[in-house]
Amino acid sequence: MNSDFLNQSIEFIKGVGPARSKLLSEELNLKTIKDLVDFYPYRYIDRSRFYNINEIPKNQSEVQIIGKIRSIRRTKVRYRDRLNCELYDDTGKIDLIWYRGFNWVEESLKINEDYVVYGKITWFGNKASIAHPEIKTKSNFNRNIPRRLHGIYSSTERLVNEGVTQKYFIKIIFNLLNSIQDNIKENLSLSILKEFNLVDRYKAIINIHLPESQELLSESIRRLKFEELFFNQLGFQLTRNDRVQKLNGFKFEKVGNNLNEFYKNSLPFELTGDQKKVIKEIRNDFRDGKQMNRLLQGDVGSGKTIVSLMVMLIAIDNGFQSCILAPTEILANQHFKSLSELLINFDIKVNLLTGSTKTKDRKLIHNDLLSGETNILVGTHAILEDIVQFRNLGLSIIDEQHRFGVAQRAKLWKKNNPPPHILVMTATPIPRTLAMSLYGDLDISSIKELPPGRITTKTVHKYDKNRLNVFKFLKDQIKKGRQVYLVYPLINESEKLDYKDLMDGYESVVREFPRPDFQVSIVHGKMNAKDKDYEMKRFIEKETQILVSTTVIEVGVNVPNASVMVIESAERFGLSQLHQLRGRVGRGNDESYCILMTKDKLSEDSKLRIETMVKVSDGFKLAEVDLKLRGPGDMLGTRQSGMLKFKLADIIYDTEILNNARNSAINILRDDPRLNNKENLPIRTEISSSSNSKNLWRYIS
Ligand code: ADP
Ligand code: MG
């Protein structure tokens, strides 16, 4: 675009002027010509469409009908005068209502004549009415058909009161667009336009405001969404390429003793195909001399731990240290324990560093890291502290990536130069589209296949009123030697209330499951680490049969003998979280159960979510549904979803466009990394002039 022109005030558009310009700026933040060009309608009305009265969908707000008037009469409803016309077509009847202008209606409307009626519909039960409709005789309408498709622009009450109507918007936008063709420049290359059959930019802008037809409107929207996602993905790719270019990575070329030995003699099971595939992908990264940044997605229980161990062995075989960072102390402990066990026959030193490591031990660990004595460091955030320095850190693994941010990743980078390879793992799979938009600069690996022989966890929904039956079931299970998790929701609104819920729950559980037949542990966020560990340990060592907790156990905990997961107030959890919790059971060989307890009255939404949980066991599928039901904001938290706000594109539904945009960004940069080819000049110009993509200029200038 020609930025000088587009940055001019809207004041100079025909029909605007200083007063209106001030008003539009105050109400809608429309200041420059570019602002107005980009101010797309938020929906459209289709005046080419007529409805039969009995076929009007309940969710339709404006309708256009052809019918005959049967009666016109004045009435009074709650002291208010009104005029009521009954309009019939072959299928039914609808009321047209006026509150003023009665004389005009009575004089001009004729019984039994055909009218075209248009307006906003209101439902009262099954009775529909339109107040103050636009009404024309059929012959008059045919002579004077209104523009079939209209955009509707966001507006405010003040604007409407001051005469800035929808018609006004259309008029000034019409005036504007007619005069600026030369200033709206194509910003995609010809080959992209051709490959994806996209309309050119000017045509798209015209038609998104003033659509000539439904087809052109859809094509225009598709084109503008493509453009939006293309520059978004181009940004990721430019950042990524820049990193790859500037940063060398450590080369791990050797396949050494530790890995071979482990593979031959210590691997407790045959790896699944997906596990093998992922290890291969990572090994390829290790060999190419570039720093790896890879996201590993795999459902709960898909076996990411063993993958992380084996790739750490590669680092060790090449003379490097590794670290693995976990979001909670419980999880760090567990990783430490299972790694130590798996490596029991190896001359590999594994250390654990968490917030509760004693100062004395901490110093020893710091020394061992520096001397290179320690091969693998397992820990929590404590690892990130500056004082923790390695002799030669070659690989950093982050477990449960969604609990960490970009800042933490960056801290790990700084622990060596060049930076260590980074592998982030998550058991909260996110749909591919989301992953591409959030972690577009990462390479992605997935484990979709679960280890063989897994019995899917039987999931049921029980209402609170059936609690006694549930307790009875739990007792039966415990008598069979199984253990039970009982989880209460944590809602940030009021920690005090949450805590109270949990303690009340705990007390009632203890009452229901009395000693000495039953033993109950409790774990929650307010306990200090020592007590937490103590309680956790009692459960892991089967001293207690029931673990009452908040969602602290959500991530990673592995107690194979625990085969029942009861989730209290399950309606308060999102699908992904429920799935995480469910993943705590079904880790042994016994039939396992997940019981979703809810209050007796559920909203439609909650019902759907619970039903989905009962039916679907695949985490990737659940993630897709979760995204559709809750949207990215609730699913990921607002911090992350802020990165997903697009003007037009919707990453939930525009998957195909996103894929295409991403692939073409990748392909273009492969052939022309700095966008110097003549054919890519439009893209280059967009980056140099548009405020949205200006931050990318440094990569190509
Ligand atoms: P997650 O991906 O959730 O971290 P884990 O690595 O904790 O999963 O693995 C879950 C369980 O599955 C562990 O008990 C692990 O030993 C086991 N496991 C992992 N891979 C396999 C496999 N290929 N065959 C059989 N069991 C496996
Ligand atoms: Mg895990």
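That block above? That's the structure.
These numbers come from a predicted model, not from an experiment.

(A) Structural context of the sheet that holds strand β9 (residues 293-298). Here seven strands make up an open sheet; going across it, the order is β11-β12-β10-β13-β14-β9-β15 and the pairing parallel. The sheet is open, and its two edges are formed by β11 (350-353) and β15 (443-447), each paired on a single side. For this sheet the average axis-to-axis angle between neighbouring strands, irrespective of direction, equals 20°. Here strand β10 (residues 321-325) runs beside strand β12 (residues 376-379); their pairing, made up of four bridges, is parallel. Bridge pairing in β12 places C323 opposite L377. Strand contacts of helix α15 (residues 359-371): β10, β11 and β12, with the helix running at about 135° to β11, the strand carrying the most contacts.

(B) Structural view of the packing of aromatic side chains. Enumeration according to the criterion identifies 14 aromatic pairs in this entry. With 5.5 Å between their ring centres and 85° between their planes, F471 and F513 make a pair best called edge-to-face. Taken together, the residues span a long stretch of sequence, with F471 in helix α18 (residues 467-479) and F513 in the loop between α19 (495-512) and β18 (520-523) at a distance of 42 residues. Here the two residues F471 and F513 agree in accessibility, since each one is buried. The ring of W123 carries the charged tip of K58 above its face, separated from the ring centre by 4.7 Å.

(C) Focus on the pattern of salt bridges. Going through the model one piece at a time under the given rule, you end up with 32 salt bridges. The shortest N-O distance in the salt bridge between K34 and D38 comes to 2.7 Å. In terms of burial, K34 and D38 fall into one category: buried. With a shortest N-O distance of 3.4 Å, R240 and D443 are connected by a salt bridge. Residue R240 is located in helix α10 (residues 214-246), and its partner D443 is located in strand β15; the two are separated by 203 residues in the primary sequence. Three or more residues are tied together by salt bridges with common partners; here these are K22, E26, E27, R158 and E162.

(D) Inspection of the environment of R49 at higher detail. Checked against the element boundaries, R49 lands in the loop between β1 (43-46) and β2 (62-77). Take R49: its relative accessible area is 43%, and that puts it in the partly exposed class. Residues R49 and R20 lie 29 residues apart in sequence; the distance between their C-alpha atoms is 34 Å.

(E) Representation of the site of ligand 1 in the model. Near ligand 1 lie 16 residues; those nearest to it are Q275, G301, K304, T305 and R454. E270 places a polar main-chain atom, nitrogen or oxygen, 2.9 Å from a nitrogen atom of ligand 1. Look at ligand 1: alone it shows 560 Å² of surface, and the protein chains cover 79% of it. In the shell around ligand 1, the residues fall into four nonpolar, seven polar and five charged.

About the cut-offs
Residues numbered from 1 in each chain as written. Chains lettered and ligands numbered in written order. Predicted model: local features only at pLDDT ≥ 70, side-chain atom pairs only at ≥ 80, totals over all residues. Heavy atoms only, no water. Pairing = 2+ DSSP bridges. Helix = DSSP H or I, 4+ residues; strand = E, 2+ residues; numbered from the N terminus. Axes fitted to C-alpha atoms, helices over the stretch in contact; angles between N-to-C directions. Contact = heavy atoms within 4.5 Å. Phe/Tyr/Trp six-rings, centres within 6.5 Å; stacked < 30°, edge-to-face > 60°. Buried < 20%, exposed > 50% of the residue type's maximum accessible area, 1.4 Å probe, protein only. Lys NZ or Arg CZ within 6 Å of the ring centre and 35° of its normal. Salt bridge = Lys/Arg side-chain N within 4 Å of Asp/Glu carboxyl O. Near = heavy atom within 4 Å. Polar contact = N/O pair within 3.5 Å; in protein donor to acceptor, adjacent residues only side chain to side chain. Areas by Shrake-Rupley, 256 points an atom, 1.4 Å probe, with all protein chains shown as cover. Nonpolar A, V, L, I, M, F, W, Y, C, P; charged D, E, K, R; others polar.

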